[in-house]
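Overview (structure and organization)
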Amino acid sequence: MKAAMKNVSFHRGGALIIAMLIATLAAAVAVTLIVNEQRWLAGVEAQRDHAQAQALADAGVQWARHILFQDARRSDAIVHLKESWAFPLPPTPIENGFIEGRITDLQGRFNLNNLLPTSRSKRADVERFNRLCRQLELDDNTRQALFHYYLAGLDFDNPSSPSSASLTLPPLFDLSDLALPATAMARLAPHLITLPEPTPLNVNTAERGTLKAIFADIRDDDLNKILAERDKRPFYSLEEFRRRLPPDTRLLNEDGIGVGSRYFLVTVRARQGDARAQAQALLRREPKRWPEIVWKTVE
């Protein structure tokens, strides 16, 4: 009898242990499922937020196209820094995030593709680039290294030579392709751009150092006067630009400079939750047409 009771007690104890093990296993499985579900939900939310942030950034590019189109309806003859496109969109709160953006006139920088043999203002632009290099105290070796892409027969001292004129080179698309030391690139980058075709330098938007390079020789005081004049009222033509220059200030060559622009860079940043996104686009604007997207990245 006692043996039978012990046997029953043993079986009951074993069953209890098994039941506890099953309950523990079930709890572990449940916890694992909950944790995995939470991770999955967090991943889905992160992907959703990132997709929404990218959509916001992409929408910012369309905002920029609208701004440029509306601005061109008012005046497509000149481009200057007091127009609506030139004022950045500050960080603007939206639900669970923000968006900000900026439009930059790229024809306020020196376009390296103006040095292509097919450029009508090549001679003037070679001279301007040489002056820019001297202003930035870049040595001749660095200057030559910069043009590894253009150097196959290009004569810098005589850019109109037959060997230079016979070259057929595609435009350079990215400054990072230049064989240039990092220190020299850091000096030049704020002044340079690569656009799909030769373009005039816009004297209404050019940065101080880039603008200085269009003059044969100019004192800092006179350059300050030009910038002050431009700030008061933009230049509406090259003739007006010449007329408003300080006395004894001389343009070395007027080829390849102007008061208008076609190419603009749009940069938009957006945040949705913890996700961040950035869109960049190169826009080309033609009179009475919606600005064309030359290239665009959203990441």
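The structure under discussion appears in the preceding block.
In what follows, the accompanying structure is described.

1. Examining the packing of aromatic side chains
Scanning all chains against the criterion turns up five aromatic pairs. Relative to Trp290, the ring of Phe69 has its centre 5.2 Å away and its plane inclined at 50°; by these criteria the two rings are tilted. With a gap of 221 residues between them, Phe69 in helix 1 (residues 2-74) and Trp290 in the loop between strand 10 (275-284) and strand 11 (292-298) connect regions that are remote in the sequence. By relative accessible area, which is 19% here, Phe69 ends up buried. Judged by relative accessible area, Trp290 falls into the partly exposed class, the value being 39%. Pairing Trp85 with Phe264 gives two aromatic rings, centres 5.4 Å apart and planes at 70°, and the pair type is edge-to-face. Of the two residues, Trp85 sits in the loop between helix 1 and strand 1 (89-94) while Phe264 sits in strand 9 (residues 263-272), which places them 179 residues apart along the sequence. Just as Trp85 is buried, Phe264 falls in that class too. Linked through ring pairs, Phe215, Phe235 and Phe241 together constitute an aromatic cluster.

2. What to know about the pairing of strand 10
By the criterion of burial, strand 10 is predominantly enclosed, with seven of the ten residues buried. In the sheet, strand 9 pairs with strand 10 via ten bridges, with the strands oriented antiparallel. The partner of Arg269 across the bridge, within strand 10, is Gln278. One ladder, built from six bridges, connects strand 10 with strand 11; its direction is antiparallel. Each bridged residue has a counterpart across the sheet, and for Arg284 the counterpart in strand 11 is Glu292.

3. Points about helix 7 (residues 220-232)
Every α-helix carries 3.6 residues per turn, so stepping three or four residues along brings you back to the same face. In this model helix 7 runs 18 Å from its N-terminal to its C-terminal C-alpha over 13 residues, within 8% of the 18 Å that 1.5 Å per residue would give. Three or more residues of helix 7 are buried, namely Asp222, Leu223, Ile226 and Arg230. All buried residues of helix 7 project into a common sector of 105° when viewed along the axis, lining one side. Those residues of helix 7 that are exposed and angled more than 90 degrees off the buried face are Asp221, Asp231 and Lys232. Contact partners of the buried residues in helix 7: helix 6 (208-212), strand 6 (215-217) and helix 8 (238-243).

How each quantity is defined
Residues numbered from 1 in each chain as written. Predicted model: local features only at pLDDT ≥ 70, side-chain atom pairs only at ≥ 80, totals over all residues. Heavy atoms only, no water. Phe/Tyr/Trp six-rings, centres within 6.5 Å; stacked < 30°, edge-to-face > 60°. Helix = DSSP H or I, 4+ residues; strand = E, 2+ residues; numbered from the N terminus. Buried < 20%, exposed > 50% of the residue type's maximum accessible area, 1.4 Å probe, protein only. Pairing = 2+ DSSP bridges. Expected span 1.5 Å × (residues − 1). Arc of directions from axis to C-beta. Contact = heavy atoms within 4.5 Å.

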